[in-house]
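Residues per chain are reported as follows:
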There are 2 protein chains.
Amino acid sequence: MKIDDAAARLEALGNRTRLQIYRALVRAGRSGTPVGRLQDKLKIPASTLSHHIKSLVAVGLVSQVRESTTLVCHANYDSMQGLVDFLVSECCVDEAECKDAKTAA
Amino acid sequence: MKIDDAAARLEALGNRTRLQIYRALVRAGRSGTPVGRLQDKLKIPASTLSHHIKSLVAVGLVSQVRESTTLVCHANYDSMQGLVDFLVSECCVDEAECKDAKTAA
DNA sequence: ACGGTATTTCTAGAATATTGGAAATATGGA
DNA sequence: TCCATATTTCCAATATTCTAGAAATACCGT
């Protein structure tokens, strides 16, 4: 993963409202959650919610599938995993002796 | 971890420059990196760099130790680990059947 | 085609973040 | 004490993000 992609994903998650949305989707698992249900749960105006979801989709952390009139959102686990891997990768490569740090990470 | 703390850490990492700084520190491992060396490596004006480091320190992702005239920065692995745990925790708790998702996460 | 529900796009004001020069502060050595 | 190096704080300009009302669009059932 390129650093700009990682930064974009982290930035997307680095907002209370968007992190709430993302966590709700993670908790929902495979079945996902429709936009309207997120709106009820989180009490966010529709346009604001739509903007936030859009940015999560834009960076690949969330995907959407239309089911007739409702749009169901899903957390994209692979995307998150890639991000986590990026964060801990190359730990200590610029340092010779860091066994403790490596096991900690 | 509270959601606001997690969001604050993610926001701190969600900026290209700060992510570069953080990654340089992760790569440096236990020995850490002085502020001045980061400045040379990343070619960032001192004041800008200082601002960014300050925000990483503020959220606990980075710690600093003074060694005579230089300030050495370290990536705080525990802090990162807590963040990663938060992100994947409670996966699927609102969904009955999601074994695939759970193993993927 | 029409009506209703779901959701997005348009728009714009307010709030916040980013940047970096200049001045201030910290540290240790001569 | 005085200097040199390291780093931060102050300040202000610029850029970006956040928010949400209103209008527009999408979809389906009738």
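Up top is the structure these notes are about.
Below is a short write-up of the structure. (Residues numbered from 1 in each chain as written. Chains lettered and ligands numbered in written order. Predicted model: local features only at pLDDT ≥ 70, side-chain atom pairs only at ≥ 80, totals over all residues. Heavy atoms only, no water.)

Observations concerning the interface of chain A and chain B
Residue-level contacts link 38 residues of chain A with 38 residues of chain B. For the pair chain A and chain B, the two sides together bury roughly 3,500 Å², of which 60% comes from carbon and sulfur. On the chain A side of the contact with chain B, A:Arg23, A:Arg27 and A:Leu87 bury the most area, a combined 18% of that side's loss. Ionic pairing is found between B:Arg27 and A:Glu90, a salt bridge with its closest N-O pair at 1.9 Å. At the junction of chain A with chain B, the criterion picks out 16 residue pairs in polar contact (both at pLDDT 80 or more). Elements represented by at least two residues in the side of chain A that touches chain B include exactly α1 (3-13), α2 (16-28), α5 (77-88) and α6 (99-104) of chain A. A breakdown of the residues in the side of chain A that touches chain B according to their chemical character gives 20 nonpolar, 7 polar and 11 charged. (Contact = heavy atoms within 4.5 Å. Buried area = accessible area lost by both parts, 1.4 Å probe. Salt bridge = Lys/Arg side-chain N within 4 Å of Asp/Glu carboxyl O. Polar contact = N/O pair within 3.5 Å; in protein donor to acceptor, adjacent residues only side chain to side chain. Helix = DSSP H or I, 4+ residues; strand = E, 2+ residues; numbered from the N terminus. Nonpolar A, V, L, I, M, F, W, Y, C, P; charged D, E, K, R; others polar.)

Observations regarding α2(A)
Residues and elements named next belong to chain A. Given a rise of 1.5 Å per residue, 13 residues ought to cover 18 Å, and the 18 Å separating the end C-alpha atoms of α2 matches this to within 8%. Arg18, Leu19, Ile21, Tyr22, Arg23, Ala24, Leu25, Val26 and Ala28 are the residues of α2 that are buried. One side-chain oxygen of the residue at the start of α2 lies 3.0 Å from the amide nitrogen of threonine 17, identifying that residue as asparagine 15. A positive phi of about 65° marks glycine 29, the residue just after α2. (Expected span 1.5 Å × (residues − 1). Buried < 20%, exposed > 50% of the residue type's maximum accessible area, 1.4 Å probe, protein only.)

Points about the packing of aromatic side chains
Scanning the model with the defined rule gives 0 aromatic pairs over all chains in all. Sitting above the plane of the B:Phe86 ring, A:Arg23 keeps its charged end 4.0 Å from the centroid. (Phe/Tyr/Trp six-rings, centres within 6.5 Å; stacked < 30°, edge-to-face > 60°. Lys NZ or Arg CZ within 6 Å of the ring centre and 35° of its normal.)

Looking at the pairing of strand β3 (residues 70-75) of chain A
All names here are of chain A. Across 2 bridges, strand β1 (residues 33-34) lies against β3 in antiparallel orientation. Residue pairing for β3: proline 34 is matched across the bridge by valine 72. Pairing between strand β2 (residues 62-67) and β3: 6 bridges, direction antiparallel. When the sheet's bridge partners are listed, arginine 66 is paired in β3 with leucine 71. (Pairing = 2+ DSSP bridges.)

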